[in-house]
Amino acid sequence: RGDFQCFFAPITPCVVREKELENLYVLERSEQRKLFKTGNVPKEHEEKRIIGVDFVLRPQRTPATLRENMLKLMTEFIDELRNSKSQYSTSQLRVLRRAAKLVLKEEPEDPLRPYHYFGARSKVHHAATFYTMRPKAFYAKKLQTAIQAIF
């Protein structure tokens, strides 16, 4: 296919086997809360290839102010550039400000879009998803070598 699907984890078959599902460990309520707050899987389960999570307990949505807060942070950074003796011109800083405001932009509704989830119309959400699914550096090099060899 020429893509990096399923290579954000150590190289393993992407298909979950029935035996793995039979022996699946489902995180307890307290472990799930900790996972959602910290992003860390409990140490005793870090090496498991799959773990069960009851999504009834998942955070229900991203705060409505997420993108507004991102814009605020980016604006503060641009203000620091303006106030420092940086090499950026006024017109370059204006372009940065316009670019920063794009985090608020959403794509228009499309009834033919095959996916429906929070942030589906936000490019920021898509970028964050791709970033979190990026391959580990070691595997990225191996994948790139393989792709170059094939194509």
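Located above this text is the structure these notes cover.
Since this is a predicted model, take the numbers as computed values, not measurements.

A. Main features of the nonpolar core. Grouped together as the largest cluster of nonpolar side chains are seven residues: L71, I78, L81, L93, A100, V103 and V124. For this core, the secondary-structure elements that each account for two or more residues are α3 (66–83) and α4 (90–101). The biggest single contributor to this core is α3, with three residues. Beyond its immediate sequence surroundings of up to four residues, L71 is in contact with A100, K101, V103 and L104.

B. Expanded view of helix α2 (residues 29–38). Restricting attention to buried positions, one finds in α2 the residues E31, Q32 and L35. Down the axis of α2, the sector holding all buried residues measures 100°, keeping them to one side. In α2, those exposed residues whose orientation departs by more than 90 degrees from the buried face are K34 and K37. Remark: G39 follows α2 within two positions and exhibits a positive phi of approximately 85°.

Cut-offs and rules
- Residues numbered from 1 in each chain as written.
- Predicted model: local features only at pLDDT ≥ 70, side-chain atom pairs only at ≥ 80, totals over all residues.
- Heavy atoms only, no water.
- Core = buried A, V, L, I, M, F, W, Y, C linked by side-chain atoms within 4.5 Å.
- Buried < 20%, exposed > 50% of the residue type's maximum accessible area, 1.4 Å probe, protein only.
- Helix = DSSP H or I, 4+ residues; strand = E, 2+ residues; numbered from the N terminus.
- Contact = heavy atoms within 4.5 Å.
- Arc of directions from axis to C-beta.

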